[in-house]
Amino acid sequence: MADPTRPLPNLVPQPDGSWTGRTVLTPTALKTRGLFTMPPSKVVPVIVVPGIMGTNLRAVGDPAKLADGALKPNEEAWRPPNGSIAGINAARIWKKRDPVTRQKLLNAGKLEVDDRGDISLPLEARNYGMLEKEVRDRYWGEVHWDSYGGLLYGLHVGLNHTFELDPLDDSPVVCRHWKEVMACDPAKWGVRSIEKITQSELEKHAGYYYPVYVCGYNWLESCEDSAARLRQRIESTIAHWKKLKRECNKVILVTHSMGGLVARACAKQIPDQILGVIHGVMPALGAPVCYRRIACGTERWSPSNDTTANLKADFTADILGGKPEQTMPVMATAPGPLQLLPNHLYPQPWLHVCMVSRVNNKDVPRDLVHLPVGNPYDLYRDTQSWYRLIDLQLVDPARKYGGDQRRLAHAVRIAVDNAEKFHRDVLGTYYHPNTYAFYGADSAHMSFGAVRWVAREPGAGAVFTEANLRKAALMGYRETVGRRVKVEAKTALEFVPARQDIGGDGTVPLQSGAGPRGKVRQLFEIRGVDHQDVFNNEAVLLLTQHLVVKLTQKLP
């Protein structure tokens, strides 16, 4: 039987191409030998690209850009909470912040990525020689730990530990977690069958080292700007390993939500430097929930939520803003959020005006207005109709534009134009040739496939048509959620947004998640995944590792 060993901290690459390791002297009574593991000389970095609001943001370091006094240089501006207690405390803080404060704090031009976020490695990390400094140098601190920590840690451990020595005869055997990947029921990945990983494929995979990186970005800025940042990270990472005399030519991208749009725009520029892309719950065609949150505020409940989930949604709405006067000042002129609106490829119509009448003691709904028809960006540029996405009266409480309505309207138009340009020209229908994608399609995670404004008919005497409803005037906003409207200058109605109407992941509806169909190598329709926590799902992590192995087979 072989002598027992204990893993020592990861070897550190040196400029001359060698590796060094450090350990400490142990008592003579300790007979367990220390074991350094030499990583392969061939390197394939894996870069995780988070979704909107998943990147920590701070104020820029230049005081001249922070003249409004809302933030000090390098002060935290956006730091999603980790854990329930932190979440409750954050909700209390954000609930007290008025629209003026929100607009000043989340001003894209005054913010940058903050790499000082929490990193909470599990105690077992020491068994793999992981140190916080090492992963912080790979930018793990840029993202929300509760959302991505499990993915980052799981990839770091899983991808770099493929075989282990059998203690009985010192022969290599497949590590337990890879046996779990190989044995996973394809139904958990939304497919009837799948080409399983073979021993020879694992052997080829084990011939490469997979350092796991993060690329956060300022999600208030255009995804095109974020793609430029991702490109820089890819190129600098490859250059770093080449400088260390390692063979490194391509990276693998693993994306979440909006990060998928960023990665597609980047991959279109440098496809040869990307081995492949794995997209998770990407709003490929946009998501109506974006319209809903800008126009109405963040939803506080879902019919598919249990009590705990609805309580979490309520706290989330306190943070993001539960009313349009809280969300509109942040999102209406921010290119990034607007690029999540349903694009020109999203199935139309998806915005409806519904009247409900009472017939034989039953509510009978009738959809009378259906939008958009044709170019959806014309709907977003519309600042006159009562169902408009953006109300200029709510956009600038901090008077960033000095009360000049023309300047403000121009800023809104520029932001919407930017979204259209990004969707049509920058992104188009491009996907990297080696792309896999998965999305949620679960009735237990209801999403907005459409947004429906609903009002109850006041009684006899009033006639409602598509024409008079479209021409109705906005009179104001309801105290809770919704809009007060007057039809033909005489009939007052109160419209409220209907609840989520279609399966998905709670955020992205299935028709948008399925957008890559026919354009990628394989698309997985997974049940039981929540949009924000998707990478905390064990089956999703196993699928991601499975797909990395398949991508590795394309290497020479």
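This write-up is about the structure you can find in this document. Since the model is a prediction, treat every value here as computed from it, not as a measurement. Residue positions within a chain follow its written sequence, with the count starting from 1. Only residues with pLDDT of at least 70 are given local features in this predicted model, and only at 80 or more are side-chain atom pairs given and counted; all residues enter the totals for whole chains, interfaces and linings. Side-chain calculation: all heavy atoms of the structure are included, whereas hydrogens and water are not.

1. Here's the deal with the pattern of salt bridges
- For this document, the term salt bridge refers to a Lys or Arg side-chain nitrogen within 4 Å of an Asp or Glu carboxyl oxygen. The full count for this structure, using the stated rule, is 34 salt bridges.
- A salt bridge links Glu201 to Lys550; its shortest N-O distance comes to 3.1 Å. Taken together, the residues Glu201 in helix H6 (residues 199-205) and Lys550 in helix H18 (residues 538-552) connect sequence positions 349 residues apart.
- Remark: exposure states derive from per-residue accessible area (1.4 Å probe, protein chains only) relative to the maximum for the residue type, with buried under 20%, exposed over 50%, and partly exposed in between. Classification of Glu201 as buried rests on a relative accessible area of 11%.
- With its nearest N and O atoms 2.9 Å apart, the salt bridge here joins Asp367 to Arg452. Of the two residues, Asp367 is situated in strand E17 (residues 362-371) and Arg452 in strand E20 (residues 451-456); the sequence distance between them amounts to 85 residues.
- Taking the relative accessible area as the measure of exposure, Asp367 reaches 30% and is therefore partly exposed.
- Here Arg452 falls in the partly exposed class, since its relative accessible area comes to 23%.
- By sharing partners, the salt bridges in this structure join Arg58, Glu76, Arg79, Glu112, Asp114, Asp115 and Arg116 into a single network. Numbered from the N terminus, helices here are DSSP runs of H or I no shorter than four residues, and strands are runs of E no shorter than two.

2. Quick look at the pairing of E17
- For strand E16 (residues 351-359) and E17, the ladder comprises 9 bridges, and the chain directions are antiparallel. Paired with Cys354 across the two strands is Asp367, which belongs to E17.
- Hairpin connection of E16 to E17: 2 residues between the antiparallel strands, including Asn360 at a positive phi of 55°. We call two strands paired when DSSP finds no fewer than two bridges between them.

3. Some words on helix H8 (residues 258-269)
- Counting buried residues along H8, 10 of its 12 residues qualify, which places the element largely inside the surrounding structure.
- Each element contacted by the buried residues of H8 is listed here: strand E6 (46-49), helix H7 (223-243), strand E14 (251-256), strand E15 (274-280), helix H12 (335-338) and helix H15 (405-427). Any two residues whose heavy atoms approach within 4.5 Å at even a single point are treated as in contact.

4. Thoughts on the sheet that holds strand E7 (residues 57-59)
- Taken in spatial order, the 3 strands make up an open sheet running E8-E7-E9, and their pairing is antiparallel. Where the open sheet ends on each side, the last strands, each with one partner, are strand E8 (76-78) and strand E9 (111-113). Direction aside, neighbouring strands of the sheet carry axes that sit 45° apart on average.
- Relative to E8, E7 runs antiparallel, the two being bridged by 2 bridges. Across the sheet, residue Leu57 finds its bridge partner in E8, namely Trp78. The axes used here are C-alpha line fits, helices contributing only the stretch in contact, and every angle between their N-to-C directions lies in the interval 0 to 180 degrees.

5. Some points on the environment of Glu224
- In this structure, Glu224 sits in helix H7.
- Look past the residues within four positions of Glu224 in its chain and what remains in contact with it is Lys421, Phe422 and Val426.
- Any pair of N or O atoms that falls within 3.5 Å is considered a polar contact. Within protein, one atom must be able to donate a hydrogen and the other to accept it, and sequence-neighbouring residues count only if both atoms are side-chain atoms. For Glu224, the side chain forms a polar contact with the side chain of Lys421, separated by 3.5 Å.

6. Here we look at the nonpolar core
- The set of buried Ala, Val, Leu, Ile, Met, Phe, Trp, Tyr and Cys residues whose side-chain atoms join them within 4.5 Å is what this entry labels a nonpolar core. Among the nonpolar cores identified, the biggest contains 107 residues, and Leu230, Ile234, Tyr291, Leu469 and Phe495 are the most heavily contacted of them.
- Ranked by the residues each element gives to this core, the list is headed by H15, at 9 residues.
- Those residues within four positions of Leu230 in sequence are excluded, and the remaining contacts are Ile47, Val49, Cys215, Leu253, Val262, Ala263 and Cys266.
- In this structure, Val48, Val254, Val529 and Leu555 belong to the second largest nonpolar core, which totals 53 residues.

7. Considering the side chain of Thr552
- Take Thr552: it is sitting in helix H18.
- Overall, the relative accessible area of 0% leaves Thr552 in the buried class.
- One polar contact links Thr552 to Tyr210, side chain to side chain, over a distance of 3.3 Å.
- Leaving out residues up to four positions away in the same chain, Thr552 has contacts with Lys204, His205, Tyr208, Tyr210 and Leu275.

8. Section: the packing of aromatic side chains
- Two rings from Phe, Tyr or Trp (for Trp, the six-membered ring) form a pair when their centres sit within 6.5 Å of each other. Planes less than 30 degrees apart are called stacked, planes more than 60 degrees apart edge-to-face, and all others tilted. Enumeration according to the criterion identifies 12 aromatic pairs in this entry.
- When the ring of Tyr139 is compared with that of Tyr213, the centres are 6.5 Å apart and the planes differ by 35°; the resulting orientation is tilted. Note that Tyr139 is positioned in the loop between helix H3 (132-136) and helix H4 (145-159) and Tyr213 in strand E13 (residues 212-214), a separation of 74 residues in sequence.
- Overall, the relative accessible area of 5% leaves Tyr213 in the buried class.
- Centroid distance Trp386 to Tyr387: 5.4 Å. Interplanar angle 80°. Geometry classified as edge-to-face.
- Owing to a relative accessible area of 0%, Trp386 belongs among the buried residues under this scheme.
- Taking the relative accessible area as the measure of exposure, Tyr387 reaches 5% and is therefore buried.
- Through a chain of ring-to-ring contacts, three or more aromatic side chains come together here, namely Tyr291, Trp350, Tyr377 and Tyr380.

9. Quick word on the packing of helix H9 (residues 288-296) against helix H11 (residues 324-331)
- At a closest axis distance of 6 Å, the pairing of H9 and H11 adopts a crossing angle of 115°. Accordingly, the angle class assigned to the pair H9 and H11 is roughly perpendicular. Where H9 approaches H11, its residues Cys290, Arg293, Ile294, Ala295 and Cys296 are matched on the opposing element by Pro324, Thr327, Met328 and Met331. With respect to orientation, any angle under 35 degrees is reported as roughly parallel, any angle over 145 as roughly antiparallel, any angle of 65 to 115 as roughly perpendicular, and every other angle as oblique.

10. Thoughts on the sheet that holds strand E25 (residues 522-526)
- Judged by pairing direction, the sheet is parallel, and its 6 strands sit side by side in the order E13-E6-E14-E15-E18-E25 without closing on themselves. What marks the edges here is a single partner per strand, and that holds for E13 and E25. Across the sheet, the mean angle from the axis of one strand to that of its neighbour is 20°, orientation sign disregarded.
- Where E15 lies against strand E18 (residues 435-440), 4 bridges are found, and the strand directions are parallel.

11. A few points about the pairing of E16
- Counting buried positions along E16 yields 7 of 9 residues, so the element is predominantly enclosed.
- Of the strand pairs in this sheet, E16 and E20 are connected by 6 bridges, and their pairing is parallel. Paired with Cys354 across the bridge in E20 is Val454.

12. Thoughts on the packing of helix H1 (residues 84-95) against helix H10 (residues 307-320)
- Axis separation between H1 and H10 bottoms out at 7 Å; the angle between their running directions is 40°. Put simply, H1 runs oblique to H10. As H1 packs across H10, the resulting crossing turns out to be left-handed. Touching Gly87, Ile88, Ala90, Ala91, Trp94 and Lys95 of H1 are Phe315, Asp318 and Ile319, all from H10.
- In terms of residue class, the contact of H1 with H10 is made up of 6 nonpolar, 1 polar and 2 charged. Helix crossings get a hand from a simple test, with the near helix turned counterclockwise from the far one by less than a right angle marking a left-handed crossing and a clockwise turn marking a right-handed one. Put simply, Ala, Val, Leu, Ile, Met, Phe, Trp, Tyr, Cys and Pro go in the nonpolar bin, Asp, Glu, Lys and Arg in the charged bin, and everything else, Gly too, in the polar bin.

13. Overview of the environment of Ser84
- The residue Ser84 is located in helix H1 in this model.
- Sequence spacing of Ser84 and Arg484 is 400 residues, and the spatial spacing of their C-alpha atoms is 36 Å.

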